[in-house]
Amino acid sequence: MAKKLVFLLTLLVVAGGSLSGMAKAVDFSGETVTWIIPYRVGGGSDVWSRVYSPYLSKYLPGEPTVVVKNMPGAASITGVNYFHRKAKPDGLTAVGSSGSTILHYLLGKKEVAYEFKDYNIVFGSPVDGITYIDPKFGVKSVADVKGLTEELVYASQGATSDDLVALLAYEMLGMKVKAVFGYKGRGAGRVAYEQGEASIDLQSVPAYVKNVLPLVEQGKAVPLFSYGVFDEQGNIVRDPIAPELPSFPEAYEMVHGKKPSGPAWEAWKAFFTAAFGIQKCMWLPKGTPEDVVAAFRKAAQDTLADPEFEKSLQTTLGGARQMVGVSAEKAFNAVLNVPETDKQWLINWLKDRYEVVID
Amino acid sequence: MLEALSQSFVTIFTFSHIVWLVTGVLAGLSIGVLPGLGGIVGMSILLPVIYGMEPDIAFALLVGMVAVIPTSDTFPSVLMGIPGSAASQATIMDGYPMAKRGEATRALSAAFTASLMGGLVGAVTLSLVIPIAKPLILAFGSPELFMLTVLGLSMVGILAGKRPIRGLLAACLGLVIGAIGAAPAAAEYRFTFGTEYMMDGIPLVVVGLGLFAFPEIIDLLIKGKAISEKTTIGRGWVKGVKDALAHKLLVLRCSFIGVIIGFLPGLGGSVVDWIAYGHVVQITKDKPQFGKGDIRGVIAPESANNAKEGGGLIPTLLFGIPGSGSMAVFLGGMLILGIQPGPSMVTEHLDLVYTSVWSLALANIVGAALCVILARPIAQLTKVRYAYIAPFMILIITLACYQATQTWGDLIALLVMGILGWIMKQFGWPRPAALIGYVLAANLETYLFISAQRFGWTWLWRPGVLVIGAIIVISLILGLRKTAAIDKAAQKSEAKQ
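Please read these numbers as outputs of a predicted model, since none were measured by experiment.

On a plain count of helices and strands, chain B comes out with 22 helices and two strands. The C-alpha atoms of chain B give a radius of gyration of 22 Å, which matches the 23 Å a tight globule of 497 residues would have. Dimensions of chain B, computed from the C-alpha atoms along their principal axes, are close to 70 × 55 × 50 Å. Counting the 497 residues in chain B, one finds 58% classified as buried. By sequence separation, contacts in chain B at least 24 residues apart represent 80% of the contacts at least 6 residues apart. Across chain B, the 33 positively charged side chains and the 25 negatively charged ones have centroids separated by 16 Å.

Written as structure tokens, this is what we have:
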């Protein structure tokens, strides 16, 4: 903690003093920055990194080549473990994390060797999701789920995937949802919904806009809530892309008449952060000099200001507000600071509810 | 619709499109020729290139590449008995014996002609099916997909020939190998023995090359001769084309099998060649020579595997759900280009859909033409003493396996699978059965698990399930009768001698 404080203070000094002056000392001319992506080519994280990498290359001091290196395996554990063991703190190796990277970290899987407390976050990208339901249950908005007695079916990838957040959300709203496991991704889940195999579903916002909005217009789906996005202060608020839908904390309040609290909520926040709130992050290894970290953060900041990038952000990454440096750090704290007892609560819940034993 | 179709036809013939399409075709041909490398590798290599390209040009490149891999991957399958990619495993069954007999050129040219026709059928179907694709895809729920997987598995009985029990046991072995790694429907890992490598299971390329390539190389080295037992390899290429044309109905049927399997998301294309092969073995009435070099055993899988790509593009473009591994990477490519796949593709990006159609058709023509030209010189390889070729082949298959996860585990797994394959070959256990079991293991389990969780026992009475169930029973009866008939014929001829 003390280390963190010192770091934050230094960062403040840097920010208040001469950020550009500090960054000038860092020079990557003629170097190659390797960005390890622990997922396969063509996956969501791969696309994300490939949208960012040419701009990082352009705005990092000395315009180094930024190369994306895919290192998939064991639900991203292989690649991040490799980063943990091999990356030197010289700014030439970075890693990208995504939902499952952090989920396994939070659940304390024994294969996980990496430790996010040690790394330096450069920036993070949120991906929001929207839950919708079959209109045959007569539910018009999330407030109506209170009286819902029928059992719903959710086509899920697995209890320890990003779906964990959705399953816990349904439970917290008091909905009876039967999870059917084994579907290969949310796309398969959506087809299952359209086939009638599932009656409640979750899609990321870009996929929702393309594939589910037409269903909503045809009266074949009713949106319930979005999971939400972080504001500058680190609160979970409505998604500006879908402002008509309540965020999950609001939905909870609409159903229960009070703000969410307790271990389920604390655990939900941590896993929400991992799977949605700041789903994909870029990290530099432990002990990277502060000026190097600052240079990376500045490059990310400049990227966001680039009008060309803005276009790709809208078309490819769903247009959510990206978080750089301190604001990313703040958001990620929900993952790092989740109390051990609340984490344990969730692990027990998984065991009781889905017979999942974490080892 | 017609206007858009002709519009994109004009576009595809602009200079830049043709150049990129041919680039894609050349890339696809080279990747297909190298044993073990298939569409996923090709897509992964080309994906970083397309960043910043115009979408229609990038589509020409990617579709051109993926369309011709099942054409050129026939070379190693026929000439060396080594699968060029997962799509041509069944081609080995009859193509390789033909090469040994000195008919490599005939087998290859029949294969390329069948590939070309299959590819064109795929392209035509892609363009026709788009308006009605949605209800078709939605008609296949998890129970139906489970039954289709069982149908695939039932081919094992047909392929095992005289010893159905061995086929069944080999398929079970394949299922066990397929069960290694993360369980498809529960948060569990199986048989990983605490290694990170085994958590993702044994990659397809390792199992395929281990079971087929490794034993073949060893045996050829032991024999110490060239692959072709005759010194001439025959001109035969006109004959091969004629063979394919003579069996045009077979080509058409197998093309439709290919399109349907490619079209159904979640089945994966890796068994399409085996299903087509099983089909031709089943329906042939006259005295077949399957397994010993029957040209129909080459034509069937080759027409199906090219048609598969046309089918596979439909769910990828219209639903954003990939039908195969290479389509999953293609999907990422679409996102990089800023295109969200979905039903709106038909309204917003109809030009791209039709660019894919034309690219598919054109690539198949160019690819088949190039392969026919190359067939004769490349077939000469079968005349070379194998000891000279073996080191290169070992190097190539080792590299191909290593690219699967790029860890030591790949090489160790290749060795283990190779020894297993060699033992199976020595003692006459059907390796195709083991491979089919392995490929279908995950689907079989997933869809059964989902069906049972979701529907209890009621899924058994769904009309689709009943229909596919009936097809399975009929195909098994036909297959077993056939085997019995072959057995009888064999006994008769033995008695005569």
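Read on, since the account is not over.
Bringing the domain arrangement of chain A into the picture now. All names here are of chain A. Partitioning chain A into domains gives domain 1 (2–126 + 278–324) and domain 2 (129–262). Measuring from the centre of the C-alpha atoms in domain 1 to the corresponding centre in domain 2 gives 30 Å. Between domain 1 and domain 2, the contact holds eleven residues from the first and eight residues from the second. Here domain 1 and domain 2 share an interface that buries about 760 Å² over both sides, 62% of which is from carbon and sulfur atoms. Here domain 1 and domain 2 share one salt bridge between them. In this structure, Glu232 engages Arg321 in a salt bridge whose closest nitrogen and oxygen atoms are separated by 3.2 Å. Summed over the shared surface of domain 1 and domain 2, the result is two residue pairs in polar contact (both at pLDDT 80 or more). Counting residues per element, the side of domain 1 that touches domain 2 draws most heavily on helix 5 (residues 99–107), at four residues. Of the residues belonging to the side of domain 1 that touches domain 2, the class tally is five nonpolar, five polar and one charged.

To continue, consider the sheet that holds strand 1 (residues 32–37) of chain A. Residues and elements named next belong to chain A. Strand order in the open sheet formed by six strands is 2-1-3-12-4-13, with mixed pairing between adjacent strands. Two strands bound the open sheet, and with one partner strand each, they are strand 2 (65–70) and strand 13 (323–324). Alignment of strand 4 (residues 120–125) against strand 12 (residues 280–284), held across five bridges, turns out to be antiparallel. Each residue of the ladder has a partner; that of Gly124, found in strand 12, is Cys281.

Much of the literature gives interface size as the accessible area that the parts lose upon coming together. Tallying the contact residues gives 43 residues for chain A and 42 residues for chain B. Carbon and sulfur atoms supply 54% of the area that chain A and chain B bury against each other, a total of about 3,300 Å² over both sides. For the chain A face of the interface with chain B, the top three residues by lost area are Arg50(A), Glu197(A) and Lys210(A), together amounting to 18%. Summed over the shared surface of chain A and chain B, the number is two salt bridges. Its salt-bridge partner being Glu348(B), residue Lys210(A) comes within 2.8 Å of it at the nearest N-O pair. Inspection of the chain A/chain B interface yields 15 residue pairs in polar contact (both at pLDDT 80 or more). Mapped by element, the contributors of at least two residues to the side of chain A that touches chain B are helix 3 (44–59), helix 4 (77–86), strand 7 (177–181), helix 7 (186–195), helix 8 (205–217) and helix 12 (307–315) of chain A. Looking at the side of chain A that touches chain B residue by residue, the class counts come to 18 nonpolar, 13 polar and twelve charged.

Cut-offs used in this document
Residues numbered from 1 in each chain as written. Chains lettered and ligands numbered in written order. Predicted model: local features only at pLDDT ≥ 70, side-chain atom pairs only at ≥ 80, totals over all residues. Heavy atoms only, no water. Helix = DSSP H or I, 4+ residues; strand = E, 2+ residues; numbered from the N terminus. Rg over C-alpha atoms; globule rule 2.2 N^0.38 Å. Buried < 20%, exposed > 50% of the residue type's maximum accessible area, 1.4 Å probe, protein only. Contact = heavy atoms within 4.5 Å. Lys, Arg positive; Asp, Glu negative; His and termini not counted. Charge placed at Lys NZ, Arg CZ, Asp CG, Glu CD. Domains from an automatic or database assignment. Buried area = accessible area lost by both parts, 1.4 Å probe. Salt bridge = Lys/Arg side-chain N within 4 Å of Asp/Glu carboxyl O. Polar contact = N/O pair within 3.5 Å; in protein donor to acceptor, adjacent residues only side chain to side chain. Nonpolar A, V, L, I, M, F, W, Y, C, P; charged D, E, K, R; others polar. Pairing = 2+ DSSP bridges.

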